[in-house]
Amino acid sequence: MNINNNTLKVLLFLSFWTSSLSFGQNSNFKVTLDAGHGAHDFGAVYNGHVEKNIALAVVLKVGKLLEANSKVDVTYTRKTDVFIDLVERANIANRADANIFVSIHCNANRNTAADGTETYVMGMNKVASNLEAAKKENSVITLEKDYKRKYEGFDPNSPETMIGLTLMQEEYLDNSISLASKIEDSFDGLGKRIRGGGVKQAPFMVLHKAYMPRVLVEMGFISNYIEGNLLDSEEGQNEIAKAIADAIISYKNEYYGNGGVEINETRPSQKNIENNSKDSSIPVEPKKTIPKQVNSNILFKVQISASSKKKELRPTNFKGLSNISIDFDSTIYRYMYGETSDYNEAMRLLDQAKEKGYGSAFLIAFKNGKKISLQEAIKL
């Protein structure tokens, strides 16, 4: 078969395009799901209901729902009845370069009337009930080999000892709270079947070493007769899994858009086509953008970090980035890069922040100085 130059060019382009589609999968939103406990670590056991089994069943259902979205990649800390060290669970998320980490558990209390969900973010809140919840989950480390050496300086019976070990926690707190809020709101949407108990803060070791927004979900009280039966039923697990999956997708869409982690990204291999082709007759996919919309009442900024400590707003403190602004909310300083009313310009600023090393940076939006959702801002 004879192939002329134009046909060859088209074939070469299709080859590049195929490889670029494969490469583009790397930009998917990455979720690591963690089923609490496992193997000889049963977790809470009440009325024949076993936490490790319920947690795994729900995680697999959440994962299946998320995997139906081609823009989401899911990794699991466990998919079978095995025991995984707490620090290794976080390491799995870190190695996967996950955008979020979600650890799923069942709650329990000697007061069998206790009910409702709770979603925790990593923090040093000293509320007694929060510390008790952390103490219960952190006690799992005593089942690990050489736990005293591995977790040197940490006493699972005294979660406050984690204060001295805390690293990089505040950077992800704002996003973690946002994700946790969406999960609790989604639980509330289940109506009387299960009651959302709100977002809380406690020092959980499983969250401590995961360097991304992360939450620990207590799906309900296995010790409560009604909730225990719901948690251990196929129907109840399906409802809870859908609530969690819906919240994760809502978080993804708000902070990363409906596509992969960058809404209007140009595939890297496209650049290779442009650089390697001197003949303009080879077709090149145009960069996807949202039509330019400028509304002077809307401002986009790039949040690059959050911290309990105040930093001077100089480029050396922000990896060379200038035009840094700060917002203080209760106990957290949020640091933002740039500002613009043009969404496409905002995406360019986001790219710059990520190139500088702020991989967890995301867009936030304001209307007349008040923070609004990114989706609302784009519509306006």
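Parameters at a glance
- Every chain begins its residue count from 1, and numbering advances along the sequence as written.
- Per-residue local features are limited, in this predicted model, to residues with pLDDT of at least 70; the limit for side-chain atom pairs, both in listing and counting, is 80 or more; totals at the level of whole chains, interfaces and linings are taken over all residues.
- Side-chain measures were taken over the full set of non-hydrogen atoms in the model, leaving aside hydrogen atoms and water.
- In DSSP terms, a helix is any run of H or I states spanning at least four residues, a strand is any run of E spanning at least two, and both are numbered starting from the N terminus.
- With a 1.4 Å probe rolled over the protein chains alone, any residue whose accessible area is under 20% of its type maximum counts as buried; one over 50% counts as exposed, and the rest are partly exposed.
- Here a residue-residue contact requires only that any non-hydrogen atoms of the pair lie within 4.5 Å.
- All accessible-area figures derive from a Shrake-Rupley calculation using a 1.4 Å probe, and residue coverage is judged against the displayed protein chains alone.
- Structural elements are reduced to axes, namely lines fitted to C-alpha atoms, with helices fitted over the stretch in contact, and the angle between N-to-C directions of any two is expressed from 0 to 180 degrees.
- Any angle that falls under 35 degrees is termed roughly parallel, while one over 145 is termed roughly antiparallel, one within 65 to 115 roughly perpendicular, and all others oblique.
- By convention, the crossing between two helices is left-handed when the near helix turns anticlockwise from the far helix through less than a right angle, and right-handed when the turn is clockwise.
- Following the grouping adopted for this structure description, the nonpolar residues are Ala, Val, Leu, Ile, Met, Phe, Trp, Tyr, Cys and Pro, the charged ones are Asp, Glu, Lys and Arg, and the polar ones are all others, Gly among them.
- When DSSP locates at least two bridges between a pair of strands, those strands are taken to pair.
- By the criterion applied in these results, polar contacts are pairs of N or O atoms within 3.5 Å in which, for protein atoms, one can donate a hydrogen and the other can accept it, and in which residues neighboring in sequence qualify only through two side-chain atoms.
- A side-chain nitrogen of Lys or Arg and a carboxyl oxygen of Asp or Glu constitute a salt bridge if their distance falls within 4 Å.
- Confidence scores per residue from the predictor, reported as pLDDT, run from 0 to 100.
- In this analysis, rings of Phe, Tyr and Trp, with Trp reduced to its six-membered ring, are considered paired at centre separations within 6.5 Å, and the interplanar angle assigns stacked below 30 degrees, edge-to-face beyond 60, and tilted for intermediate values.
- Both a distance and an angle decide whether a charge sits over a ring: NZ of Lys or CZ of Arg must be within 6 Å of the ring centre and within 35 degrees of the ring normal.
- One fewer than the residue count of a helix, multiplied by 1.5 Å, yields its expected span.

K.L.:
Explanation requested: the overall build of the protein chain in the structure shown.
P.N.:
A tally of helices and strands in the protein chain yields 12 helices and 13 strands. By residue count, 49% of the 380 residues in the protein chain fall in the buried class. In the protein chain, once contacts between residues fewer than 6 apart in sequence are set aside, the share between residues at least 24 apart is 76%. About 18300 Å² of surface is accessible on the protein chain, with carbon and sulfur atoms providing 50% of the total.

K.L.:
What exactly am I supposed to notice about the packing of helix α2 (residues 51–67) against helix α9 (residues 234–256) here?
P.N.:
Helix-helix packing is described using two parameters, namely the angle between the two axes and the distance between the axes. The contact between α2 and α9 brings their axes to 8 Å, and the two run at 50°. Between α2 and α9, the crossing angle belongs to the class labelled oblique. Every pair of crossing elements has a handedness; the one defined by α2 and α9 is right-handed. Taken together, the residues of α9 that come into contact with α2 (itself represented by Ile54, Ala57, Val58, Lys61, Val62, Leu65 and Leu66) are Glu234, Gln237, Asn238, Ile240, Ala241, Lys242, Ile244, Ala245, Ile248 and Ile249. When its residues are assigned to classes, the contact of α2 with α9 shows 12 nonpolar, 2 polar and 3 charged.

K.L.:
Help me understand the sheet that holds strand β12 (residues 362–367) in this model?
P.N.:
Pairing between the strands of a sheet comes from backbone hydrogen bonds, and it takes one of two forms, parallel or antiparallel. Strand order in the open sheet made by the 5 strands is β10-β11-β9-β12-β13, with antiparallel pairing throughout. Looking along the sheet, the strands with just one partner apiece sit at the ends: β10 (324–329) and β13 (370–372). Direction aside, the axes of adjacent strands within the sheet are offset by 45° on average. Bridge count between strand β9 (residues 298–307) and β12: 6 bridges; the pairing is antiparallel. Looking at β12, one finds that Val302 is bridged to Leu363.

K.L.:
How do you make sense of the side chain of Asn28 when you look at a structure like this?
P.N.:
As for its position among the elements, Asn28 is in the loop between α1 (5–24) and β1 (29–35). The class for Asn28 is buried, based on a relative accessible area of 5%. Within the structure, Asn28 has its side chain in polar contact with the backbone oxygen of Ser70 (distance 2.9 Å).

K.L.:
Please clarify how the sheet that holds strand β7 (residues 196–202) should be interpreted in this entry.
P.N.:
Read from one edge to the other, the open sheet built from 6 strands follows the order β4-β1-β5-β8-β6-β7, with strand pairing classed as mixed. Lying at the two open borders of the sheet, with one neighbouring strand each, are β4 (72–76) and β7. Here the average twist between neighbouring strands, direction ignored, is 25°. Judged from the 5 bridges that link them, β1 and strand β5 (residues 100–107) form a sheet pairing that is parallel. Bridge pairing links Leu33 to Val102 in β5. The strands touched by helix α3 (residues 86–95) are β1, β4 and β5; relative to β1, the strand with the most contacts, the crossing angle is about 165°.

K.L.:
Any chance you could explain the pattern of salt bridges here in plain terms?
P.N.:
Two side chains with opposite charge may pair up if their charged atoms get near one another. Applying the stated criterion across every chain, the model contains 10 salt bridges. Its salt-bridge partner being Arg95, residue Glu88 comes within 2.5 Å of it at the nearest N-O pair. Judged by its relative accessible area of 28%, Glu88 is partly exposed. Look at Arg95 and you get exposed, because its relative accessible area is 58%. When the shortest N-O distance is used, the salt bridge between Lys242 and Asp246 registers 2.8 Å. Remark: Asp246 and Lys242 occur in helix α9; sequence separation between them is 4 residues, near one turn of the helix. Overall, Lys242 belongs to the partly exposed group, its relative accessible area being 47%. Here Asp246 falls in the partly exposed class, since its relative accessible area comes to 38%.

K.L.:
What is the right way to look at the confidence of the model for the protein chain in this model?
P.N.:
Interpretation of the predicted coordinates at a detailed level should be avoided for regions scoring low in pLDDT. Residue-level pLDDT values for the protein chain average 76, and 67% of them are 70 or greater. Residue range residues 8–26 is modelled with pLDDT below 50. Its contacts to residues more than four positions away, or to other chains, number 20 contacts. Every residue in residues 163–169 is under pLDDT 50, and counting partners more than four places away or in other chains gives 13 contacts.

K.L.:
Before we go on, may I ask you to explain the packing of aromatic side chains in this structure?
P.N.:
The geometry of an aromatic ring pair comes down to the distance between the two centres and the angle between the two planes. A complete count under the given rule lists 6 aromatic pairs for this structure. Consider the rings of Phe29 and Tyr251, whose centres lie 6.4 Å apart with planes at 50°: the pair is tilted. With Phe29 in strand β1 and Tyr251 in helix α9, the pair connects residues that are 222 residues apart, well separated along the chain. Judged on exposure class, the residue Phe29 and its partner Tyr251 are both buried. Aromatic side chains Tyr251 and Tyr255 sit 4.7 Å apart centroid to centroid with 45° between the ring planes, which places their arrangement in the tilted category. Within this pair, Tyr251 and its partner Tyr255 are both found in helix α9, separated by 4 residues, close to a single helical turn. Look at Tyr251 and you get buried, because its relative accessible area is 0%. When its relative accessible area of 7% is taken as the criterion, Tyr255 is described as buried. Among the aromatic side chains, those forming a connected cluster through ring pairs are Phe29, Tyr251, Tyr255, Tyr256 and Phe362. Directly above the ring of Phe366 sits Lys301, whose terminal nitrogen or CZ lies 5.5 Å from the centroid. For Lys311, the ring lying beneath its charged end belongs to Tyr335, and the centroid distance is 5.8 Å.

K.L.:
What exactly am I supposed to notice about α2 here?
P.N.:
Given 3.6 residues to a turn, an α-helix orients residues that are three or four positions apart in the same direction. Taking 1.5 Å as the rise per residue, α2 with 17 residues should run 24 Å; its terminal C-alpha atoms sit 24 Å apart, in good agreement. Within α2, burial applies to Glu51, Lys52, Ile54, Ala55, Leu56, Val58, Val59, Lys61, Val62, Gly63 and Leu66.

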